[in-house]
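# Architecture and fold: a report
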Amino acid sequence: MRKLALSDEILLSIEKPARYIGNEINMVKKDPNAVKIRFAICFPDVYEIGMSHLGIQILYDMLNKREDIYCERVYSPWIDLDTIMREQKIPLFAIESQEPIYTFDFIGITLQYEMCYTNILQILDLGKIPLLAKDRKEQDPIVIGGGPCSYNPEPLADFFDLFYIGEGETVYFQLMDAYKENQRQGGTRLTFLERAAEIPGIYVPAFYQISYYPDGTIQKREVIHSPAKEKIQKELVLDLSDTFYPEKPLVPFIKVTQDRVVLEIQRGCIRGCRFCQAGMIYRPVRERSLKFLKNMACKMLYSTGQEEISLSSLSSSDYSKLKELVSFLIEEFQGQGINLSLPSLRIDAFSLDVMSKVQDIRKSSLTFAPEAGSQRLRDVINKGLTKEVILNGATEAFHGGWNRVKLYFMLGLPTETTEDMEEIAVLADEIARVYYAEIPKEQRQGKVQITVSTSFFIPKPFTPFQWAPMCTKEEFLEKARIVNGKIRSMLNQKSITYHWHEADVSVLEGVLARGDRKVSKVILSAYQKGCLYDAWSEYFDEKKWMEAFEENGIDPAFYTTRVREVEEILPWDFIDVGVTKEFLIREWRQAKKEVVTPNCKESCSGCGANVFGGGVCYENKG
Amino acid sequence: MKIRVKFAKRGEMRFIGHLDIMRYFQKAIRRAKVAIAYSEGFSPHQKMSFAAPLGVGLVSEGEYFDIEVYTSYSSSKMIAALNEVMAEGIEVLSWKRLPEQAKNAMSFVAAADYRLTFREGYQPEKLEDFYQGFLSFLSNDSILTIKKTKKGERELDLKPFIYQATIEKEGSIFLQVCTGSSNNIKPELVLQTYYEKVLQMEMPKFAFQAQRLEIYANIGTEEEKKFVPLEALGDEID
């Protein structure tokens, strides 16, 4: 029997010891001495968040399918344990074997959001692994980054030995084989990185040098170590119905954020909203077959005993076989006490019918994400949702018995005017009016409850808005004040609740999202000052971050509010996501002209993603 | 039909709390394809009730819950099916059919057996003296202590609620104490009182590893108690 890395005294003094002991249902058990490669896969946030992530489960399952690899998990220790580990000098360990991760061959860290960057340094630091890639020695693990934020890996360039750009299912085995071959030939860390650099999708940041103009923008990006590639093309799974998927996902003991099995029905999105990074980097849209999904749903539910299954995709209503899939799941599992959860559905007759079958109408709410208040601004962002669609959907839903509506918007979008912001309040009020006009008093279940939430727009790489200036903190807060004031002046203001996101976190996210290599040292300083769990508002410390910027002579405004010209070399330009820069420039210009671009199923707009030779690009247009 | 399940919670599973063990068994029941009955409504839940919560850190050889099922194979088959899908450290020990009119396990709980063992490094130098002192302390006519409850603190005489106390050959303490919704006595409280009243010191927080051995129902009277293990109230299914 394995020995736990933490003593009883520690485990019984901290919150939720189950975060650190493993032994969950479907945990993979192997003899660590009987494998060639030890891989620690890491989500740099607390266990409950990390365990809810599908990507990790896919890679965990995939890597462990190989007998010569033992893939184990590691998450950020929560603040209570973090303190104890530092005081008692306990090295960070992997959950499965409870052995220190510095003994591993690889640490693979998923980069899901920018605000986890200081947690990456926590993992390395507690793991007794040098924070900077250049300080690592032969026996130190190779540190890999992957996931959506690796599409601009530059702010993290100093901390990683290599980045895997794109979808994880394709070249990991090739990378592992290169490692084994390198060891067999008595190679070094450097010779391995050279081999890795030849594999498609693999980016070794140390093999490049960037020079800057005096104004701080990039002058030149050079390969300084052969055989590194000039351009890194993202990796992509062409056939999603013939690939790795976890038939036996892990079942945590404690309640986690996604406490259910997740069925990813498709990857990518046809919509092309101009602010949305996922909508661009996962192009082209690829669906999984009905047969594959039915089979996986059954296997996962039986192997886990979970009571809920959730369909996952960026826009589930666009999945062509949604009706068949949903009726299969309802018929197959409804008598067995299994719930079906359907996020990201468009509100229409079909979805209302399904929702009335699978959830309690009195307790559930309708969600619309118009993102912008006015039709003009919705055209700018290419969000093909009209007021008529929203009001019609709401009308049908109110007749069906719903009386709670959630509305999501962004503030600070390019070209936004005061009028656009005020339209948010007007739209919310109109929905309330529909309720009171359509539903007779005696049939109402109390007041209609409308919740308006706004987040602040943060321009992201590989979107048509990647050149857009971001607002300052003060501007953001002023915008929220305008929306709030307008809502409070509406007729039905008592039926409307308004929430807005914190602005200081958004500013930092903006810097990290579009940052270059110079930002690495700011992240390091912020961590050394004690910044950690920045995604958790109770731990985010803006003051320390601002000190870190100042001490390193970096002006956050250079990355956020500065106007970028389309000629500028952007830090992430060396990555090829399929969607071309020409297309993004065209879309940026169309946005300013308020011209809408059709979605991929209506007609092809020539974004460039057809270069991969599959997906929606090669399907018949209806 | 009503079924009473007995299980053991060992090793690392001691760090999993009571509510999580309930959630764990809801999933395990589904994995084992037990024909359990669900409540009506939009979020149906399994008809399941646990006898007595076990605190985080404790292990046990005698935990219980009752469920309602539509059909059942033989007890041995059901035990095997459940153990097929258990996490390491949890073992199903018995599967008994209860009489239809039986009340749930929780309402029956009257007493429980515990074994307390010193954790490594916490054993007193003079172990004999420690135990002698403990037993003579328990032979007092009354054992007053302060019990902390949700409502605050109250003084309580432990004496009538300690049914048995012995020192076992292996050097551990055996205690049988009152358990259940009224006057639930944690074994640590008995030890803690000894430390405070006799040894004049605070009990080290992690001094003992506690193990629950069995939970009992009282089939006698309040005056003349007769304890039987909860599983004895059901019958084996052949």
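Below is a short write-up of the structure. For clarity, every value in this text was computed on a predicted model and none was experimentally measured. (Residues numbered from 1 in each chain as written. Chains lettered and ligands numbered in written order. Predicted model: local features only at pLDDT ≥ 70, side-chain atom pairs only at ≥ 80, totals over all residues. Heavy atoms only, no water.)

### Observations concerning the layout of surface pockets
Residue and element names in this part refer to chain B.
- In this model, the second largest pocket occupies a volume close to 1400 Å³.
- Along the wall of the second largest pocket there are 40 residues; nearest its centre are Gly 55, Asn 184, Lys 186, Glu 188 and Leu 189.
- Breaking the lining of the second largest pocket down by element, the ones donating at least two residues are β5 (109-118), β6 (144-149), α5 (187-197) and β10 (208-218).
- Among the elements that line the lining of the second largest pocket, the one with the most residues is α5, at 6 residues.
- Split by residue class, the lining of the second largest pocket holds 19 nonpolar, 11 polar and 10 charged. (1 Å grid on protein atoms, 1.4 Å probe; cavity = no way out; pocket = protein on both sides within 12 Å on 5 of 7 lines; lining within 4 Å. Points joined across faces, edges and corners; volume = space filled by probe spheres on them. Helix = DSSP H or I, 4+ residues; strand = E, 2+ residues; numbered from the N terminus. Nonpolar A, V, L, I, M, F, W, Y, C, P; charged D, E, K, R; others polar.)

### Here's the deal with helix α2 (residues 75-84) of chain B
Residues and elements named next belong to chain B.
- Ser 75, Met 78, Ile 79 and Leu 82 are the residues of α2 that are buried. For α2, the angular spread of buried residues about the axis comes to 100°, placing them on one side. Opposite the packed face of α2, turned more than 90 degrees from it, sit the exposed residues Ser 76, Lys 77 and Glu 84.
- Looking at the buried positions of α2, the neighbouring elements they touch are α1 (18-31), β4 (90-98) and β12 (235-236). (Buried < 20%, exposed > 50% of the residue type's maximum accessible area, 1.4 Å probe, protein only. Arc of directions from axis to C-beta. Contact = heavy atoms within 4.5 Å.)

### A closer look at empty space enclosed by the protein
Residue and element names in this part refer to chain A.
- Tallying each qualifying case throughout the model produces 8 cavities of 30 Å³ or more.
- Of the volumes computed, that of the largest cavity is approximately 200 Å³.
- Along the walls of the largest cavity sit 25 residues, with Arg 283, Cys 600, Cys 604, Ser 605 and Cys 607 positioned nearest its centre.
- Tallied by class, the residues present in the lining of the largest cavity amount to 12 nonpolar, 9 polar and 4 charged.
- Of the volumes computed, that of the second largest cavity is approximately 160 Å³.

### Here's the deal with the side chain of A:Ser495
Residues and elements named next belong to chain A.
- Note on placement: Ser 495 falls in the loop between α16 (473-488) and β18 (496-500).
- The class of Ser 495 is buried, set by a relative accessible area of 7%.
- Residues within four places of Ser 495 in sequence aside, it is in contact with Tyr 436, Lys 447, Val 448, Gln 449 and Ile 450.

### What to know about the sheet that holds strand β14 (residues 339-341) of chain A
Residue and element names in this part refer to chain A.
- In space, the 3 strands of this open sheet follow the order β10-β13-β14, with parallel pairing throughout. Edge positions in the sheet fall to β10 (261-264) and β14, since each has one partner strand and no second. Neighbour-to-neighbour, the strand axes of the sheet open up by a mean angle of 25°, direction not taken into account.
- Bridge count between β10 and strand β13 (residues 308-312): 4 bridges; the pairing is parallel. When the bridges of β13 are listed, Glu 264 appears paired with Ser 312.
- Sheet contacts for helix α11 (residues 322-333): β13 and β14; angle to β13, the most-contacted strand, approximately 175°. (Pairing = 2+ DSSP bridges. Axes fitted to C-alpha atoms, helices over the stretch in contact; angles between N-to-C directions.)

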